[in-house]
Amino acid sequence: MNTTSVNKTPRQITRLLDRVLHKVEKPARYTGGELNSIVKNWDDPAIKTKVALAFPDIYELGGSNLGLMVLYDLLNRRADLLAERVYCPWPDFEHYMRRDGIPLYGLETRHPLRDFDIIGFSLPYEQLYTNVLTMLDLAGIPLRAAQRTAADPLVIAGGSGCYNPEPMSAFFDAMIIGEGEEVIFEVIAAYEKWRLEIGDWEIGRLGDCERGKPGEEETDAARPIFNLQSPISQSHSRFSLLAKLAAIPGVYVPSFYDVSYAADGTIAAVVPNHPAASPEVLKRVVTVLPPPVTRFIVPYINVVHNRAAIEIMRGCTRGCRFCQAGMIFRPVRERPVEEVLQAVDDMIRHCGFEEVSFLSLSSSDYTYVEELVRRTMERHGARRLSVGLPSLRIESFSVDLMDLLEKGRRRSGFTFAPEAATDRMRDVINKPIASADLLATAEEVYKRGWTTIKMYFMIGHPTQTLEDVQAIADLSKQVLAVGRRVLGKKANVRIGVSTLVPKPHTPFQWAPMESEAVIKAQIELLQRELRGPGIHFSWNNPEETLVEAFLTRGDRRMADVIELAWRKGAKLEGWGEYFNFAAWQAAFDELGLDMDWYARRQRPLDEVLPWDHISAGLKKQFLVDEYIHTYEGGVIDDCREHCFSCGILGYFKEQRRAAPDAAWGCPPLGRGKARQPVDITPIPLYFNDDMSSDKVGQFNERVPQRRFGTVSRRVEMEH
């Protein structure tokens, strides 16, 4: 959009909306005004900085994003700050925005996005990348950081996608690595200091000089694609701001790093080009989880997760080798039961939701989960409050917990994620779950009247064979047979199968994504086997999986691909009806790059990976050891039972000292503390006999993780 279009007042935007909102699907996506939304006065002299929190997908998905709500709550608690929300429009509204010159705006006050000081994008997954470009373009903000001036907002990003920042590095001034609850305030402080040094009048003058005279600006559609093999540049007037940001721990400024390439196309080196830039950017971690959000925005329309959500635990210690979240969200930190119970009380009072989800990567591994659910039901069971535990592990899910959940509002089913169906494959991925335990748990679920069990599996794992895939179908049928025996024809099984995408900062980061032919053969087998009454089977589109793979494993050259694919129509890639694989193919062809080279190529252990200068707090040798154990079938224990010095405790030892002993899963520091055993390398509990019959672990036989139960119970037993 040009300058004339984006320079609209909130009143002008409202008048334009009055003319078109009745023509679009779900106009409440764009109106704001929901219960518990926070509207502040832009003319209040106490407000120093205005922040737009942007989720690059539609309202129904972004509106239930807990990370965005946490930042919205924290920022608006400060009298000197203002935070508003903005989401990506659906194509029908985007059409009217472009036709009528309606700029992208904040929902709370309808100020154009360009009027904000800072725009913070959430990047939870790769399918949203092209939506970022749509939103910047609709806001009239240059797509590339190198094109922006002092008059443009500071554009930053955070979220899991930033753990490989390179594919999107051209579009952000800075990217936050790790947890944002504390560092966002440091970013704002740096921005305010820079603005005081430059002066508001000078910012406007420099912006006019650097952008050109009004009417002379290029539209983004007319700008050429940059060649990112050359360094990313920034306008001179923003340079001092970037230097301040780069000095903040956990903040990555892409323009302060030069990338060189070897003759074979791999990365030769990533080298800082500014003294403020650290050779390695270490993620940020909060010592204690901030207070939970209790004034959730109550939407006018149904959103994906239309309920309250309280994070009871952050991080996971199970060590599944494919799971990026389990690696990057370490260390485990648990929220006290009393704090959660108070949050539930406040949520009901302020929002009126009938359902609350206790969130974590593995909710049933929360040390005090049974106490929490029991006391919640004691307080609110009479109101038929439904309690959701969306991430359950079979081996830590008890009959007692099932009975407690049954007391709330009846739910239709339970969800489990075995991920693999044979002992060998479970050992490969370090998720040892006995099929007998799964079947026993399924029987208890069906006996209590739940009619549906949903199970998630993955294909494309290293060493996986068609026999391993056939076992997925066999186990699914066994679960259904249990349900039919208990409930008759009411019992159902839903099977969701995804394809492994090897992710950065996991032991699988060196592994190739499986070939297209193998993936199709595995899906076709399951399509033949998983059919009939009571079985519902869904799977991922292999082309969508391929796009995810080259984006998550890509380097800076992917930015050219992303922008070119966007220009060719790749938008809303997470929505099947709009997924445009042809646009990606055309972009790769035009730029002379190869999808499979990025997605399906096995990386040598000594290759410089695009994300090697970003640290998730894990020692590279720990990941290497676990990668080797993958092909040996070596299973390591949950690190709350046995610490293997993954790196977290070394990087964050001072924060560990400051935290209460029971608050972290990592061993407490100091003499006389009760702690799990500690070793400097991962020592497998056992090795799979079919893969490494000559190797011996801590045990000669198969044993489960956390065989002593939760840490708290083991400590109680010892004392």
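Keep in mind that what you see is a predicted model, and the values were worked out from it rather than measured.

Q: Mind showing me how you'd approach the packing of helix H4 (residues 66-76) against helix H7 (residues 180-198) here?
A: If you want to describe how two helices pack, look at the angle between their axes and the distance between the axes. Across the interface, H4 lies against H7 with an axial gap of 10 Å and an inter-helix angle of 50 degrees. Here H4 is positioned oblique relative to H7, judged by the angle of their axes. The chirality of how H4 crosses H7 is right-handed. Packed against H4, whose contacting residues are Val70, Leu71, Leu74 and Leu75, the element H7 presents Gly180, Glu181, Ile184, Phe185 and Ile188 at the interface. Within the contact of H4 with H7, the residues separate by chemical class into 7 nonpolar, 1 polar and 1 charged.

Q: Could you clarify how one ought to interpret the pattern of salt bridges in this entry?
A: Where charged atoms from two side chains of opposite charge come close, those side chains can pair. Applying the stated criterion to the full structure yields 55 salt bridges. Ionic pairing is found between Arg375 and Glu338, a salt bridge with its closest N-O pair at 2.7 Å. Of the two residues, Arg375 is situated in helix H12 (residues 369-380) and Glu338 in helix H11 (residues 337-351); the sequence distance between them amounts to 37 residues. In this structure, a network of salt bridges that share partners links the residues Glu179, Glu181, Glu311, Arg314 and Arg333.

Q: Whenever I open this one, the sheet that holds strand E6 (residues 251-252) confuses me. Can you help?
A: The pairing of strands in a sheet happens through backbone hydrogen bonds and is either parallel or antiparallel. Spatial ordering of the open sheet is given by E2-E1-E3-E4-E5-E6, a layout of 6 strands whose pairing is mixed. Edge positions in the sheet fall to strand E2 (81-87) and E6, since each has one partner strand and no second. Where strand E3 (residues 118-122) and strand E4 (residues 154-158) come together, 5 bridges link them in parallel fashion. Bridged to Ser122 within E4 is Gly158. Contacts from H4 reach strand E1 (49-55) and E2, with the element oriented near 155 degrees to E2.

Q: When you look at the packing of aromatic side chains in this model, what are you seeing that I'm missing?
A: When we look at a pair of aromatic rings, we describe it by the centre distance and by the angle of the planes. Applying the stated criterion across every chain, the model contains 20 aromatic pairs. Residues Tyr627 and Tyr631 carry aromatic rings whose centres are separated by 5.5 Å and whose planes lie at 80 degrees to one another, so their mutual orientation is edge-to-face. On the criterion of helical spacing, the pair formed by Tyr627 and Tyr631 is a turn pair, its members being 4 residues apart in helix H22 (residues 620-632). For Tyr627, a relative accessible area of 7% translates into the label buried. Among the residues examined, Tyr631 registers a relative accessible area of 36% and is labelled partly exposed. The ring of Tyr72 carries the charged tip of Arg85 above its face, separated from the ring centre by 5.7 Å. The ring of Trp597 has Arg601 lying over it, and the distance from NZ or CZ to the ring centre is 4.2 Å.

What counts, and at which threshold
- Residue indices begin from 1 for each chain and proceed along its sequence in written order.
- With the structure being a predicted model, the display of local features is reserved for residues of pLDDT at least 70 and the display and counting of side-chain atom pairs for 80 or more, all residues being used for whole-chain, interface and lining totals.
- Where side-chain values are given, they derive from all heavy atoms of the structure, hydrogens and water being excluded.
- Angles run from 0 to 180 degrees between N-to-C directions of axes, and those axes are lines fitted to C-alpha atoms, restricted for helices to the stretch in contact.
- For helices the rule is a DSSP run of H or I covering at least 4 residues; for strands it is a run of E covering at least 2, with both sets numbered from the N terminus onward.
- Any angle from 65 to 115 degrees is called roughly perpendicular, while one under 35 is roughly parallel, one over 145 is roughly antiparallel, and all others are oblique.
- Rotating anticlockwise by less than a right angle from the far helix to the near helix defines a left-handed crossing, while the corresponding clockwise rotation defines a right-handed one.
- Contacts between residues were defined by any pair of non-hydrogen atoms, one from each residue, lying within 4.5 Å.
- Gly counts as polar in this scheme, as do all residues outside two lists: the nonpolar Ala, Val, Leu, Ile, Met, Phe, Trp, Tyr, Cys and Pro, and the charged Asp, Glu, Lys and Arg.
- In what follows, salt bridge is the name for a side-chain nitrogen of Lys or Arg lying within 4 Å of a carboxyl oxygen of Asp or Glu.
- We call two strands paired when DSSP finds no fewer than two bridges between them.
- Stacked, tilted and edge-to-face pairs are distinguished by plane angle, under 30 degrees for stacked and over 60 for edge-to-face with tilted covering the rest, among Phe, Tyr and Trp rings (Trp via its six-membered ring) whose centres lie within 6.5 Å.
- Partly exposed residues are those whose accessible area sits between 20% and 50% of the maximum for their type, while under 20% is buried and over 50% is exposed, using a 1.4 Å probe and protein chains only.
- Here, a charge over a ring means that NZ of Lys or CZ of Arg falls within 6 Å of the ring centre while also lying within 35 degrees of the ring normal.

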